[in-house]
Amino acid sequence: MKIHEKYMLRCIQLAKNGLGTTYPNPLVGSVVVHNNMIIGEGWHYQAGQPHAEVNALENVENRELLKDATIYVSLEPCSHFGKTPPCANLIVESGIKKVVIGSLDPNPQVAGRGIKRLIEAGCEVIVGVLDKECDELNKRFFTFHMKKRPYIFLKWAQTSDGFVAPKSETRNEKKPVWITNTFSRQIVHKMRAEEQAILVGTNTVLEDNPTLTVRDWYGKNPIRVIIDKTLKISPEVSVFDGSVKTIVFNNKESKISDNIEFEKLDFKKNIPQQICDVLFKNNIQSIIIEGGSKTLQSFIDTSLWDEAYIFTGKNTFSEGIKTPIFKGDIFSEKMIKEDTLKIFKNPSI
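Residues numbered from 1 in each chain as written. Predicted model: local features only at pLDDT ≥ 70, side-chain atom pairs only at ≥ 80, totals over all residues. Heavy atoms only, no water.

Enquirer: I'd love a proper account of the pattern of salt bridges, names of residues and values included.
Expert: Here the structure, examined in full by the defined rule, presents 13 salt bridges. A salt bridge links Glu 194 to Lys 190; the shortest N-O distance between them is 2.5 Å. Separated by four residues within a single helix, Glu 194 and Lys 190 lie in helix α7 (residues 182-194), roughly one turn from each other. Owing to a relative accessible area of 14%, Glu 194 belongs among the buried residues under this scheme. In this structure, the salt-bridge partner of Glu 253 is Lys 255, at a minimum N-O distance of 3.6 Å. A cluster of three or more residues bridged by salt bridges with shared partners is formed by Glu 136, Lys 139, Glu 307 and Lys 345. (Salt bridge = Lys/Arg side-chain N within 4 Å of Asp/Glu carboxyl O. Helix = DSSP H or I, 4+ residues; strand = E, 2+ residues; numbered from the N terminus. Buried < 20%, exposed > 50% of the residue type's maximum accessible area, 1.4 Å probe, protein only.)

Enquirer: Let's hear about the state of the cysteines: which residues, and what values?
Expert: Scanning the entire structure with this criterion turns up zero disulfides. Cys 134 takes part in no disulfide bond, and the closest cysteine sulfur to it belongs to Cys 11, at a distance of 7.4 Å. Judged by relative accessible area, Cys 134 falls into the buried class, the value being 1%. (Disulfide = S-S within 2.5 Å.)

Enquirer: For the UniProt feature "binding site: Zn(2+)" (unreviewed entry) in the protein chain, give the residues involved together with the corresponding values.
Expert: In the numbering used here, UniProt assigns the "binding site: Zn(2+)" (unreviewed entry) feature to His 51, Cys 78 and Cys 87. Spanning 37 residues, the named residues nonetheless gather at one spot, since no C-alpha pair among them exceeds 9.2 Å. Within the element layout of this structure, Cys 87 appears in helix α3 (residues 87-94). Accessibility expressed as a relative area gives 1% for Cys 87, which makes it buried. Setting aside residues no more than four positions away along its own chain, Cys 87 makes contact with His 51, Glu 53, Val 54, Pro 77 and Cys 78. (UniProt positions renumbered as here; feature names shortened; annotations may be inferred. Contact = heavy atoms within 4.5 Å.)

Enquirer: An account of the environment of Leu 154 is needed here, citing residue identities and associated values.
Expert: Summarising the element assignment, Leu 154 is placed in strand β6 (residues 151-158). Separated by 86 residues in the primary sequence, Leu 154 and Asp 68 have C-alpha atoms spaced 47 Å apart. Among residues more than four places away in sequence, those in contact with Leu 154 are Ile 289, Leu 296, Phe 299, Ile 300, Trp 305, Glu 307, Ala 308, Tyr 309 and Phe 326.

Enquirer: Residue-level account of unusual backbone geometry, with values.
Expert: Each neighbour pair has its own omega, and for Tyr 23 with Pro 24 the value is 5°, a cis peptide bond. By secondary structure assignment, the location of Pro 24 is in the loop between α1 (3-15) and β1 (29-34). With omega at 0°, the peptide bond leading from Gly 291 into Gly 292 counts as cis. Among the structural elements, Gly 292 can be located in the loop between β13 (286-291) and α10 (293-301). If you check the backbone angles, Leu 130 has positive phi at about 50° while not being a glycine. Relative to the helices and strands, Leu 130 resides in the loop between β5 (124-127) and α5 (131-137).

Enquirer: I'd love a proper account of the UniProt feature "active site" (unreviewed entry) in the protein chain, names of residues and values included.
Expert: UniProt marks Glu 53 with the feature "active site" (unreviewed entry), using the numbering shown here. As for its position among the elements, Glu 53 is in helix α2 (residues 52-58). We classify Glu 53 as buried; its relative accessible area is 3%. Those residues in contact with Glu 53 that lie beyond four places of it in its chain are Ser 30, Ile 71, Val 73, Leu 75, Pro 77, Cys 87 and Ile 91.

Enquirer: Describe α3, naming the residues involved and giving the relevant values.
Expert: Of all the positions in α3, only Cys 87, Ala 88, Asn 89, Ile 91 and Ser 94 are classed as buried. Residues of α3 that are buried make contact with α2, β3 (70-75), β4 (98-103) and α4 (113-120). At the C-terminal side of α3, Gly 95 shows a positive phi close to 95°.

Enquirer: How would you sum up the side chain of Glu 307? Please name residues and give values.
Expert: Checked against the element boundaries, Glu 307 lands in strand β14 (residues 307-312). Polar side-chain contacts of Glu 307 include one of 2.7 Å to the side chain of Tyr 151. Those residues in contact with Glu 307 that sit more than four places away from it in its chain are Glu 136, Lys 139, Tyr 151, Ile 152, Phe 153, Leu 154, Ile 343, Phe 344 and Lys 345. (Polar contact = N/O pair within 3.5 Å; in protein donor to acceptor, adjacent residues only side chain to side chain.)

Enquirer: Describe the nonpolar core, naming the residues involved and giving the relevant values.
Expert: Residues Ile 152, Leu 154 and Phe 326 are the most contacted members of the largest nonpolar core, which totals 28 residues. Of all the secondary structure elements, the ones that give two or more residues to this core are β6, β8 (197-200), β9 (223-227), β10 (246-250), α9 (271-281), β13, α10 and β14. Among the elements that line this core, the one with the most residues is α9, at four residues. Core analysis: the next-biggest nonpolar cluster, separate from the first, contains 26 residues, Leu 212, Val 248, Phe 317 and Leu 341 among them. (Core = buried A, V, L, I, M, F, W, Y, C linked by side-chain atoms within 4.5 Å.)

Enquirer: An account of the sheet that holds β1 is requested, with residue identities and associated values reported.
Expert: The sheet built from five strands is open, its strands ordered β2-β1-β3-β4-β5 with mixed pairing. Looking at the sheet topology across the chains shown, the edges are occupied by β2 (37-43) and β5. For this sheet, the mean angle separating the axes of adjacent strands, direction not counted, is 15°. In this structure, β3 lies alongside β4, joined through five bridges in parallel fashion. Across the sheet, the residue bridging to Val 73 is Ile 101, located in β4. (Pairing = 2+ DSSP bridges. Axes fitted to C-alpha atoms, helices over the stretch in contact; angles between N-to-C directions.)

Spelled out as structure tokens, the structure:
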């Protein structure tokens, strides 16, 4: 492994610590190296708090070493004043003369300006070290800025005979119908903690009364997004308890009430695209489409998805609601005790 790649991998590893807490900012990790030894490292914890480069430089005990040090950063240092000062300026002021960067920042406020600032100040700048891995790290941030929509995860659980739910009349209202085991459900809650929003359709709310919150993992609850065309869902259901910001797409009205935002759509047009447009305006960079089958199918049919997480349990229903009709490129597969998790990527992207 080349020396630059070694330290960039450490940047990526550090950056992942911020998954779920940095929105709307990207995931960024940074290390400061002197004589092939890391003398400082850090990552971006949360929007409004110091960036990765700041934290890495603050961890350097002997600042006399900086003039002969190299700073590695997984994403181009910012060059604009936001909630924090420009990191490119901070690097220049620190005395560091060599900067190694993974990805270029697609944010129009940066977009090459950070690199330009460093070069103009006399720094040697190396760009594109493990760029594919660094791009993957910030797939949500990049998709948001380049495609003007959130990064979209499809997620469903299915029985071994291809059903996502039993017949409505066979359900017991007092008990949820679990297809997968507790370990698979914990992974789902981890996903909820990492992504910014979660979406379900009307029938899922009416049949299951889900909370769509994080319970089996530590983290922030995602923004709840509900499709309720005619506003027939009772205000007494769990998703309308006001504890989490909730967006309701419907064909009746647009208003905001008690942490619930109603957004009117034209249901004769492309609904998933309209939803993406509203989510982009709300600075939502990632969303899990969790169901039901009709809602999932609408995103599949319009090719508005990036990854699909499909959990398969060992039980069977024999009849009920069939899985969505779906094709994708398999990315990974693993067993979660008796369950199987397959992750797919959209081949058209």
